[in-house]
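Chain by chain, the residues run as shown.
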Amino acid sequence: HVQLVESGGGSVQAGGSLRLSCAASGDRDSLNCMAWFRQAPGKEREGVAIIYTAGGFTAYADSVKGRFTISEDKVKTTLSLQTNSLKSEGTAMYYCAADFVARCDMAVAGRGAEFGYWGQGTQVTVS
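The text that follows walks through the structure, step by step, so that each part is easy to find. Everything quoted here is computed from the prediction, not taken from an experiment.

## Brief notes about the overall build of the protein chain
Turning to step 1, where the next piece is worked out: Across its full length, the protein chain holds 0 helices and 11 strands.
Turning to step 2, where the next piece is worked out: From first element to last, N terminus to C terminus, the protein chain shows the α and β order β-β-β-β-β-β-β-β-β-β-β.
Turning to step 3, where the next piece is worked out: Its C-alpha radius of gyration of 13 Å places the protein chain within 12% of the 14 Å reference for a compact globule of 127 residues.
Turning to step 4, where the next piece is worked out: A fraction of 60% describes how many contacts in the protein chain between residues 6 or more apart in sequence connect residues 24 or more apart.
Turning to step 5, where the next piece is worked out: Carbon together with sulfur atoms contributes 49% to the accessible area of the protein chain, which is approximately 6,500 Å² in total.

The structure is reproduced here in structure tokens:
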């Protein structure tokens, strides 16, 4: 049983930055993969970034590589997504996800079907 709660979204101008947070609670021992997904109006959900919690391996969507950074604070049980140089295309609802995923390194390329735990999302609007 894992609960995920996102925060940190808001409205920013293009080129600005936001730091999104995902507070995790419950039994996290069964998890090995955490991720951020996003969904814009009229578009399918897409992977943004993943982190393999056992080894710290990260992977990013090509669209955000070099601008976004995913990280985990194991002490505070918090997942973060630092979003820099935001573009209008980044406007979306951003979701935190977690689960035990056999190929966590590949999960960022999908729509998140491998993840069983999801937060409610935090809205990012770039103008």
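## Comments concerning the packing of aromatic side chains
Two descriptors summarise a pair of aromatic rings, namely the distance from one centre to the other and the angle between the planes of the rings.
Turning to step 1, where the next piece is worked out: Applying the stated criterion across every chain, the model contains 4 aromatic pairs.
Turning to step 2, where the next piece is worked out: Pairing Tyr95 with Trp118 gives two aromatic rings, centres 6.5 Å apart and planes at 75°, and the pair type is edge-to-face. Taken as a pair, Tyr95 in strand S9 (residues 92-99) and Trp118 in strand S10 (residues 117-118) lie far apart in primary sequence, 23 residues in all.
Turning to step 3, where the next piece is worked out: You can call Tyr95 buried: its relative accessible area is 19%.
Turning to step 4, where the next piece is worked out: Measuring from centroid to centroid gives 6.3 Å for Phe115 and Trp118, while their planes differ by 80°, and the two rings are edge-to-face.
Turning to step 5, where the next piece is worked out: The buried category is assigned to Phe115, whose relative accessible area is 5%.

## Remarks on the nonpolar core
Turning to step 1, where the next piece is worked out: Ranked by size, the top nonpolar core spans 28 residues in total, and within it Trp36, Leu81 and Tyr94 carry the most contacts.
Turning to step 2, where the next piece is worked out: At the level of elements, strand S1 (2-7), strand S3 (18-26), strand S4 (33-39), strand S5 (46-52), strand S7 (68-73), strand S8 (78-83), S9 and strand S11 (122-126) are the ones that each hand at least two residues to this core.
Turning to step 3, where the next piece is worked out: Contact partners of Tyr94, with chain neighbours within four places excluded, come to Glu6, Leu20, Trp36, Phe37, Arg38, Val48, Phe68, Leu81, Gly121, Thr122 and Val124.
Turning to step 4, where the next piece is worked out: Counting 11 residues, the second largest nonpolar core, distinct from the first, contains Ala59, Ala97, Cys104 and Ala107.

## Digging into empty space enclosed by the protein
Turning to step 1, where the next piece is worked out: Overall, the coordinates contain 1 cavity of 30 Å³ or more when judged by the stated rule.
Turning to step 2, where the next piece is worked out: By volume, the largest cavity amounts to about 30 Å³.
Turning to step 3, where the next piece is worked out: What lines the largest cavity is simply Arg38, Gln39, Ala40, Lys43, Glu46, Glu89 and Ala92.
Turning to step 4, where the next piece is worked out: Classifying every residue of the lining of the largest cavity gives 2 nonpolar, 1 polar and 4 charged.

Cut-offs used in this document
- Residues numbered from 1 in each chain as written.
- Predicted model: local features only at pLDDT ≥ 70, side-chain atom pairs only at ≥ 80, totals over all residues.
- Heavy atoms only, no water.
- Helix = DSSP H or I, 4+ residues; strand = E, 2+ residues; numbered from the N terminus.
- Rg over C-alpha atoms; globule rule 2.2 N^0.38 Å.
- Contact = heavy atoms within 4.5 Å.
- Areas by Shrake-Rupley, 256 points an atom, 1.4 Å probe, with all protein chains shown as cover.
- Phe/Tyr/Trp six-rings, centres within 6.5 Å; stacked < 30°, edge-to-face > 60°.
- Buried < 20%, exposed > 50% of the residue type's maximum accessible area, 1.4 Å probe, protein only.
- Core = buried A, V, L, I, M, F, W, Y, C linked by side-chain atoms within 4.5 Å.
- 1 Å grid on protein atoms, 1.4 Å probe; cavity = no way out; pocket = protein on both sides within 12 Å on 5 of 7 lines; lining within 4 Å.
- Points joined across faces, edges and corners; volume = space filled by probe spheres on them.
- Nonpolar A, V, L, I, M, F, W, Y, C, P; charged D, E, K, R; others polar.

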